[in-house]
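Reading the structure
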Amino acid sequence: MVHADSALMSFPSAFIDELLARTNIVALINRYIPTPLKKSGRSYMACCPFHEEKTPSFSVTPDKGLYYCFSCHAAGNAIKFLMQHQRMTFPEAVEELAHQAGMEVPRQNTRVSTETQKRFEKMYTVMNKVSEFYKVQLKQDAQANGYLKQRGISQETAADFAVGYAPAAPYLKKCLGSDYDERVLNTIGLIAQGRNGFYEKFRGRLMFPIRDRRGNVIAFGGRLLPNQEGSSDKSPKYMNSPETPLFKKRNTLYGVHELKKVRALSCLLFVEGYMDAVSLAQHGVRNVVATLGTATSQTHIRIALRFSSNLIFCFDGDNAGKRAAVEAAKQALSVFTDGCSINFMFLPSGEDPDSYIKKHGYQVFDEQMKKAVPLADFLFEHHSEGLDLNNPAHATRYVQTLKPLIMQLPKGVFQELMFNRLAERINIDVDKLKTNYESPKPRVSRERNDKSRKEILYSTITVALRLLLEKPSLANQAPNADKIRTLQKPGAELLADVIEHILNKKLSNTAGIIEDFRESPHQESLTRLAAMSNITTT
Ligand SMILES: [Zn+2]
């Protein structure tokens, strides 16, 4: 039996629509903000929980079930609020609201259309079968085993990480038998279209399955065996599965399934590649995850924080490593909450975790981990490099860099401490610091937003969209969706989609429509449109 993963977690639209209709968004948000919302016309206003401010610009419109910040443009419905503010996952937010509304969440096996479920089950089955095949091949191949030994990876560690071997000759037909299906294999990235039809992508490689939390194989990383290097120009040393319906790099951490075996996770180490993670585990550092050839994302950090509130990012000490660390730090600021600890360790230039732990062993590596620099220290030090803070011009630049970063933090003790520290560094009163020296950047983007917002607001299609979002029942009187699609106007496609969603799924309220567009790139603009439209209608 294959378990449904988050990709499969969906609930019937009618259930979500009803859930959001029953949720009192004002009461919900009041539970999480320090000063309650105050009634103001059709809406309620408060200071925004997503950015620092003294005059309220955060509005909540209960009859639409939406919130919107006129300053930082945070926007969404009750589900989005719990996801943004409380770092809940989508299913968690739904469960929480259902609990509060006294509604029963539809049972898991009814959540997904059977067709989608079958499609995903087939993909998981093939991935798991291929992974098992690789494991058997590894046992039988002397050269692959020799390479594993050369990398210093024991049989036990290889088994823990389900390491396998993809033979050099084509193997998928033999391995899959009746499960061989080119459409499926292409979708999950095991084959690709070449000049002469499909070819198998992973050949002559040591294979590292990338597994989700439940242990399903969702992708592979493959390291070319040295004896295969140069055999073809198109064979890079390291190759990962492409993005597929099962595998999204920005949402995946290598090693989360393997963490199950680790007891007492006092901290969690982030490294950049699966070889590093496996090598560290081999030397006794088991509390490790790896990003897969992509910059650290907020989702990565959110996932990691579910395992441990103490994260350590390990980077190369060279300039590229520093840059990657600054980026990771920026992402971390947005998901930071009081009580979590985020730290950075830098290896000597030219070393990676694999080479470093091989050279120095567990003890030294562990000491380096303990000496990791806290997020705040790292940012304050890194951005002061080359600046003389007694020089007013330099001090100003320092504030302009750091203040927006501090503003990204959620309000709380940690943010206050950061403001105090910045004020001390440049020797200025902290209240002055908070109110003055607006960094020029956000203002520019706000102007741009205002402009694009005006453009959105005044086209005919947009007016129609606004009306529909405000009063979904109007969809019954709308022209046929297919006819609208033939209009050669920006937004026509979206308008048709909205009409169809409302009619087909019998959606009755604004927040429910917004939720139905959760996977759509248009959700954000729809949310803003819906949340802002009362400015023009009242
Ligand atoms: Zn805001």
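Now for a description of the structure that goes with this document. (Residues numbered from 1 in each chain as written. Predicted model: local features only at pLDDT ≥ 70, side-chain atom pairs only at ≥ 80, totals over all residues. Heavy atoms only, no water.)

Let's talk about the pattern of salt bridges
Going by this rule: When a carboxyl oxygen of Asp or Glu is within 4 Å of a side-chain nitrogen of Lys or Arg, the pair counts as a salt bridge. Put simply, DSSP marks the helices as runs of H or I at least four residues long and the strands as runs of E at least two long, and each gets a number from the N terminus on. Throughout, exposure labels follow a simple rule: accessible area from a 1.4 Å probe, protein chains only, divided by the maximum for the residue type, with under 20% read as buried, over 50% as exposed, and the rest as partly exposed.
This structure, assessed with the given rule, holds 23 salt bridges. When the shortest N-O distance is used, the salt bridge between K122 and D179 registers 3.7 Å. Separated by 57 residues along the polypeptide, K122 in helix α5 (residues 114-140) and D179 in the loop between α8 (172-176) and α9 (182-187) bring together distant segments of the chain. The class for K122 is partly exposed, based on a relative accessible area of 26%. E515 serves as the salt-bridge partner of R518, at 3.7 Å between the closest nitrogen and oxygen. A residue is classified by how much of its surface remains accessible, and E515, at 6% relative accessible area, is buried. Because the salt bridges share partners, they merge into one network encompassing D482, R485, E493, D497 and E500.

Details of the nonpolar core
Here is the rule: The term nonpolar core refers to a set of buried residues drawn from Ala, Val, Leu, Ile, Met, Phe, Trp, Tyr and Cys, joined through side-chain atoms within 4.5 Å. Where each domain starts and ends comes from a domain assignment, either automatic or drawn from a database. Note on definitions: a residue-residue contact is assigned when non-hydrogen atoms from the two residues lie within 4.5 Å.
Y134, L190, Y254, L269 and F365 are the most contacted members of the largest nonpolar core, which has 63 residues in total. Composition of this core by domain shows at least three residues from each of domain 2 (119-247) and domain 3 (258-380). Setting aside residues no more than four positions away along its own chain, F365 makes contact with L269, L280, V285, M345, L347, P353, Y356 and I357.

Examining the pairing of strand β3 (residues 58-61)
Where a strand is regular, its side chains alternate between the two sheet faces. Let me state the cut-off plainly: A pair of strands is labelled paired if DSSP reports no fewer than 2 bridges between them.
Of the two faces of β3, the one holding F58 and V60 and the one holding S59 and T61 are both buried throughout. Sheet topology places strand β2 (residues 43-46) next to β3; three bridges connect them, and they run antiparallel. From the neighbouring strand, M45 faces β3, where its bridge partner is S59. Where β3 lies against strand β4 (residues 66-69), four bridges are found, and the strand directions are antiparallel. The partner of T61 across the bridge, within β4, is L66.

Observations concerning the coordination of the zinc ion
Quick note on the threshold: Water is not among the atoms examined, so metal sites may look incomplete; donors are the N, O and S atoms within 2.8 Å of the metal, or within 3.2 Å for Na, K and Ca. Any site counts as irregular unless it has four donors with all angles between 85 and 135 degrees, making it tetrahedral, or four or six donors with opposite ones more than 155 degrees apart and the rest between 65 and 115, making it square planar or octahedral.
Protein-derived coordination of the zinc ion comes from C48 (SG), H51 (ND1), C69 (SG) and C72 (SG), at a distance range of 2.1 to 2.3 Å. If you look at the zinc ion, its four donor atoms make angles of 101 to 118 degrees with each other, and the shape they trace is tetrahedral. Each donor residue of the zinc ion belongs to the same chain, with the gaps between them written as C-x2-H-x17-C-x2-C. Of the two residues, C48 is situated in the loop between β2 and β3 and C72 in the loop between β4 and β5 (75-77); the sequence distance between them amounts to 24 residues. A residue is classified by how much of its surface remains accessible, and C48, at 0% relative accessible area, is buried.

A look at the sheet that holds β3
Under the convention used in this document: To define axes, lines are fitted to C-alpha atoms, for helices over the stretch in contact only, and angles between the resulting N-to-C directions are given on a 0 to 180 degree scale.
Strand order in the open sheet formed by five strands is β1-β2-β3-β4-β5, and the pairing between neighbours is antiparallel. At either end of the open sheet lies a strand with only one pairing partner, and these are β1 (38-40) and β5. Pairwise comparison of adjacent strand axes, ignoring direction, gives a mean angle of 25 degrees for this sheet. Both β1 and β2 contribute to a ladder of three bridges, which runs antiparallel. In the sheet register, K39 faces β2, and the bridge partner there is Y44.

Regarding the environment of L176
Summarising the element assignment, L176 is placed in helix α8. The exposure class of L176 is buried, given its relative accessible area of 2%. Taking C-alpha positions, L176 is 7.3 Å from V130, a pair spaced 46 residues apart along the chain. The residues contacting L176, other than those within four sequence positions of it, are V126, K129, V130 and L185.

Focus on the packing of aromatic side chains
Applied cut-off: In summary, the pairing rule links any two rings of Phe, Tyr or Trp, Trp by its six-membered ring, whose centres are within 6.5 Å, and it sorts them by plane angle into stacked for under 30 degrees, edge-to-face for over 60 and tilted for everything else. By the criterion adopted, a ring carries a charge over it if an Arg CZ or a Lys NZ lies within 6 Å of its centre and within 35 degrees of its normal.
Taken as a whole and judged by the stated rule, the model has 23 aromatic pairs. Summarising the aromatic geometry, the rings of F133 and Y134 are spaced 6.4 Å apart at their centres and angled 55 degrees between planes, so their arrangement reads as tilted. Neither residue differs from the other here; F133 and Y134 are each classed as buried. Ring centres 5.5 Å apart and planes at 35 degrees place the aromatic pair F346 and F378 in the tilted group. Residue F346 is found in strand β15 (residues 341-347), and its partner F378 is found in helix α14 (residues 375-384); the two are separated by 32 residues along the sequence. The exposure class assigned to F346 is partly exposed, which follows from its relative accessible area of 23%. A relative accessible area of 5% places F378 in the buried class. Over the ring of Y238 we find R223; its NZ or CZ atom is 5.2 Å from the centre of that ring.

Things to note about the sheet that holds β15
With respect to topology, five strands assemble into an open sheet ordered β13-β12-β14-β15-β16, the strand pairing being mixed. If you trace the sheet from one side to the other, it starts and ends with β13 (288-290) and β16 (373-374), each paired once. With three bridges connecting them, strand β12 (residues 268-271) and β13 associate as parallel partners. Across the sheet, residue V271 finds its bridge partner in β13, namely A290. Relative to the sheet, helix α13 (residues 353-370) contacts β12, β14 (310-316) and β15, its axis offset from that of β15 by approximately 135 degrees.

With respect to empty space enclosed by the protein
Where empty space is left in the structure can be found by rolling a water-sized probe over the atoms. Heads up, the rule is: Only protein atoms enter the calculation, which uses a 1 Å grid: trapped sets of points that fit a 1.4 Å probe without letting it out are cavities, open sets showing protein on both sides within 12 Å along at least five of seven lines are pockets, and any residue with an atom within 4 Å of a point is a lining residue. Grid points are joined across faces, edges and corners, and a volume is the space filled by probe spheres set on the points. In the scheme used here, Gly and all other residues not listed as nonpolar or charged are polar, with Ala, Val, Leu, Ile, Met, Phe, Trp, Tyr, Cys and Pro taken as nonpolar and Asp, Glu, Lys and Arg as charged.
All chains considered together, the criterion is met by one cavity of 30 Å³ or more. F161, G255, E258, L259, V262, R286 and V288 together form the lining of the largest cavity. Along the lines of polarity and charge, the residues of the lining of the largest cavity split into four nonpolar, one polar and two charged.

What is shown is where atoms sit, not what they do.
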